[in-house]
Amino acid sequence: MTASRQDAEIRFIIGPSGLGMVMVALGPEGLAAIMLDTDERALQKAVLASFPAAQVGGADDAALAHSLEVVTACIEAPWAMPDLPLALQGTPFQLQVWRALRGIPCGQTVTYGELAASIGRPGAVRAVAGACAANRLAVVVPCHRVIRHDGSLSGYRWGVERKQALLARERAWRAGEK
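Residues numbered from 1 in each chain as written. Predicted model: local features only at pLDDT ≥ 70, side-chain atom pairs only at ≥ 80, totals over all residues. Heavy atoms only, no water.

(A) Representation of unusual backbone geometry. Unusually for a residue other than glycine, Val 139 sits at a positive phi of about 70 degrees. With respect to the helices, strands and loops of the structure, Val 139 is situated in the loop between helix 6 (125-134) and strand 6 (146-147). Look at Val 139 and you get buried, because its relative accessible area is 2%. (Helix = DSSP H or I, 4+ residues; strand = E, 2+ residues; numbered from the N terminus. Buried < 20%, exposed > 50% of the residue type's maximum accessible area, 1.4 Å probe, protein only.)

Below is the structure:
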């Protein structure tokens, strides 16, 4: 994969969160990626696999440090979505799925089939699952809110345990709202 000029403008930072380490990548148009893992090196490899020319930023990069702070707060309180621009990159179908994901209220879940039907593609359940798996923006594009038709949790790019933790936080918040 060759690095594009746009990749060269991507800066990233890694820091701790309540779900392990979080990597935030920021480009000229906004957040390009939010990834979760326990291993900082794995996150660095993952961001460079997506954006080969991305550069490591630091706390002295005010915009990047602010983005990390806002994203970390969102991980702790997923009902408080950050007001940061997103630089979504995907196929038209993926973008349609990701927009639909952002419409799922915090503390609620939908099945892959329900999500497919909501975008007018009821037969595209596997393609919807693939779009969820391709999502690079953990938490802010809440693919963790999609579950199997039987109500069980299925794969999550950043681990089923993290998916379960996010959903538990959201459900507790929603229960406290009532």
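(B) Spotlight on the pairing of strand 1 (residues 11-17). Of all 7 residues making up strand 1, 5 are buried, and the element is well covered by its neighbours. Direction of pairing for strand 1 relative to strand 2 (residues 20-27): antiparallel, over a ladder of 7 bridges. Each residue of the ladder has a partner; that of Gly 15, found in strand 2, is Val 22. Between strand 1 and strand 2, which pair antiparallel and follow one another directly, the connecting turn spans 2 residues. Judged from the 2 bridges that link them, strand 1 and strand 4 (residues 55-56) form a sheet pairing that is parallel. Each residue of the ladder has a partner; that of Arg 11, found in strand 4, is Gln 55. (Pairing = 2+ DSSP bridges.)

(C) Representation of helix 4 (residues 92-102) in the model. All of the buried residues along helix 4 are Phe 93, Gln 94, Val 97, Trp 98 and Leu 101. The arc that holds the buried residues of helix 4, viewed along the axis, is 130 degrees, so those residues lie on one side. With respect to the buried face of helix 4, the exposed residues turned more than 90 degrees away are Pro 92 and Arg 99. The elements touched by buried residues of helix 4 are helix 5 (112-118), helix 6 and strand 6. (Arc of directions from axis to C-beta. Contact = heavy atoms within 4.5 Å.)

(D) Quick look at the pattern of salt bridges. This model, assessed by the stated rule, comprises 3 salt bridges. Among the ionic pairs, Asp 61 bridges to Arg 11, the shortest N-O distance being 2.5 Å. Within this pair, whereas Asp 61 is found in the loop between strand 4 and helix 3 (62-76), its partner Arg 11 is found in strand 1, the two being separated by 50 residues in sequence. Between Arg 145 and Glu 170 there is a salt bridge, with the nearest N and O atoms lying 2.9 Å from each other. Of this pair, Arg 145 sits in the loop between helix 6 and strand 6 while Glu 170 sits in helix 7 (residues 160-177); the two residues are 25 residues apart in sequence, bridging distant segments of the chain. (Salt bridge = Lys/Arg side-chain N within 4 Å of Asp/Glu carboxyl O.)

(E) Seen up close, the environment of Ile 147. As for its position among the elements, Ile 147 is in strand 6. With a relative accessible area of 9%, Ile 147 lands in the buried category. As a C-alpha pair, Ile 147 and Trp 173 span 26 residues in sequence and 19 Å in three-dimensional space. Excluding anything up to four places from it in sequence, Ile 147 contacts Thr 109, Val 110, Thr 111, Tyr 112, Ser 152 and Leu 153.

(F) Representation of the nonpolar core within the structure. Ranked by size, the top nonpolar core spans 52 residues in total, and within it Met 23, Val 97, Leu 101, Val 128 and Cys 132 carry the most contacts. Listed by contribution, the elements that provide at least two residues to this core are strand 1, strand 2, strand 3 (30-37), helix 2 (40-50), helix 3, helix 4, helix 5 and helix 6. Sequence-distant contacts of Leu 101, that is, excluding residues within four places in its chain, are made with Leu 115, Cys 132, Val 141, Pro 142, Cys 143 and Val 146. (Core = buried A, V, L, I, M, F, W, Y, C linked by side-chain atoms within 4.5 Å.)

(G) Quick look at the packing of aromatic side chains. One pass over the full model with this rule turns up 2 aromatic pairs. With centroids separated by 5.5 Å and ring planes inclined at 0 degrees, the aromatic side chains of Trp 79 and Trp 173 adopt a geometry described as stacked. Here Trp 79 is found in the loop between helix 3 and helix 4, whereas its partner Trp 173 is found in helix 7, with 94 residues between them in sequence. Assessed through its relative accessible area of 24%, Trp 173 is described here as partly exposed. With a centroid separation of 5.5 Å and 75 degrees between ring planes, the pair formed by Tyr 156 and Trp 158 is classed as edge-to-face. Just as Tyr 156 is buried, Trp 158 falls in that class too. (Phe/Tyr/Trp six-rings, centres within 6.5 Å; stacked < 30°, edge-to-face > 60°.)

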